[in-house]
Each structure stands twice: as C-alpha cells, then as structure tokens.
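Okay, here's what each chain looks like letter by letter:
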Amino acid sequence: MSQTHTHESHTHEAHAQEAHTHAPLPAPSREGSVVLEIGGDLGALILHTGPEQDGLEIEVSPLDDPSAARTHAAVRPRHLAGRTVYCAVISPLRAGRYTVWRDAETADATVQVPAGGVAEHRWA
C-alpha cells in the first residue's frame, strides 16, 4: 500500500483503514509549530476533538470521489497560550467538499475546504 506523508497527515487506499493509531506519535505541538500548506487551490482542515481522542487517526476523503484514497491525521494536543486544545490537522487538501469519517463505514460530516484557507470541524 502506498503512503504519502504531508506534514502530519497521510493517505491510505480507500476503505483499507479504520480509525486507528500509529506509534510513535509526534510530540504535542506548541503555538506556531504547525505548518499549513495553503494557497492557490490548496487548503487545510482542522478537526477539533476532546482529549479522549488523543492519538486517534481521523480520515477524510473527497465527497465527489468516494473511491479516492483517504487522508488521515492523528489527534494531538496543541499547547496554546493559556490553554491546550486537541485536534487533527490535515494539510494540504485540494479545495472542495470532504467526508469526515467516524470509522471505515460511518461518515461523521461533510466539510468544505476553501482554496487558500482553513476549514474547521468539531469531531464529536
């Protein structure tokens, strides 16, 4: 199976993976330490979670191409000024609509990733 790593996110063949974890996980990030590759037709997606999802891999796939390889990223703590948030950061993504997957078969939501911008979603 081919994998393409991009910052914190990477892809797998469609439907080959369920929500899962990889070891070792990267260290928690600090303010200003995550680089987003956005611009032109590329955007990014931030998936907010609770601390109980730390380490969980969350997958997304293009809405208009359900057979496309899914991209996923690990939920990690992000230490910001005065608080810690938990989220997965997927960058870059081509602008468009994406399915956020709860598991291999269950969609959680559909999100619109803007060209040159960042979309955010609460993964509940």
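Residues numbered from 1 in each chain as written. Predicted model: local features only at pLDDT ≥ 70, side-chain atom pairs only at ≥ 80, totals over all residues. Heavy atoms only, no water.

Named according to an unreviewed UniProt entry, the chain is Phospholipase originating from Streptacidiphilus alkalitolerans.

### Looking at the pairing of strand β5 (residues 57-62)
A regular strand carries its side chains on alternate faces of the sheet. Within β5, five of the six residues are buried, leaving the element largely enclosed by the surrounding structure. By the bridge criterion, four bridges tie β5 to strand β6 (residues 70-74) in an arrangement that is antiparallel. From the neighbouring strand, Glu57 faces β6, where its bridge partner is Ala74. For β5 and strand β9 (residues 96-101), the ladder comprises four bridges, and the chain directions are antiparallel. Its bridge partner being in β9, Glu59 is matched across the sheet by Trp101. (Buried < 20%, exposed > 50% of the residue type's maximum accessible area, 1.4 Å probe, protein only. Helix = DSSP H or I, 4+ residues; strand = E, 2+ residues; numbered from the N terminus. Pairing = 2+ DSSP bridges.)

### Side note on the side chain of Thr99
One can find Thr99 in strand β9. Excluding residues within four positions of it along the chain, Thr99 makes contact with Glu59, Val60, Ser61, Leu63, Ala107 and Ala109. (Contact = heavy atoms within 4.5 Å.)

### Describing the pairing of β9
When you tally the buried positions in β9, you get five out of six residues, the bulk of the element. Hairpin connection of β9 to strand β10 (residues 107-113): five residues between the antiparallel strands.

### Remarks on the confidence of the model for the chain
Put simply, the chain has an average pLDDT of 82, and 73% of its residues get 70 or more. Considering each helix and strand of the chain separately, the mean pLDDT is smallest for strand β1 (residues 5-6), with a value of 36, and largest for strand β11 (residues 118-122), with 98. Across residues 12-18, confidence stays below pLDDT 50; counting only partners more than four residues off in sequence or on other chains, it has 28 contacts. (pLDDT = per-residue confidence, 0-100.)

### What to know about a nonpolar patch on the surface
On the surface, Val34, Leu36, Ile38 and Val118 cluster together to form a nonpolar patch covering roughly 250 Å² of accessible area. Within the fold, Val118 resides in strand β11. A relative accessible area of 34% places Val118 in the partly exposed class. (Patch = residues over 30% accessible without salt bridge, like charges linked within 9 Å, V, L, I, M, F, W, Y side chains within 5 Å. Areas by Shrake-Rupley, 256 points an atom, 1.4 Å probe, with all protein chains shown as cover. Salt bridge = Lys/Arg side-chain N within 4 Å of Asp/Glu carboxyl O.)

### Focus: the packing of aromatic side chains
Per the stated rule, a full pass over the model turns up zero aromatic pairs. Of note, Arg70 hangs over the ring of Trp101, and the distance from its end group to the ring centre comes to 3.8 Å. Over the aromatic face of Trp123 sits the side chain of Arg102, whose NZ or CZ is 4.2 Å from the ring centroid. (Phe/Tyr/Trp six-rings, centres within 6.5 Å; stacked < 30°, edge-to-face > 60°. Lys NZ or Arg CZ within 6 Å of the ring centre and 35° of its normal.)

### Focus on the pattern of salt bridges
This model, assessed by the stated rule, comprises four salt bridges. A salt bridge links Asp41 to Arg94, with the nearest nitrogen and oxygen atoms 3.0 Å apart. Taken as a pair, Asp41 in the loop between β3 (29-30) and β4 (42-49) and Arg94 in strand β8 (residues 83-94) lie far apart in primary sequence, 53 residues in all. Judged by its relative accessible area of 40%, Asp41 falls in the partly exposed class. A salt bridge links Asp54 to Arg76; the nearest nitrogen and oxygen atoms lie 2.6 Å apart. Here Arg76 lies in strand β7 (residues 76-80) and Asp54 lies in the loop between β4 and β5, a separation of 22 residues in the sequence. Taking the relative accessible area as the measure of exposure, Asp54 reaches 36% and is therefore partly exposed. Among the residues examined, Arg76 registers a relative accessible area of 9% and is labelled buried.

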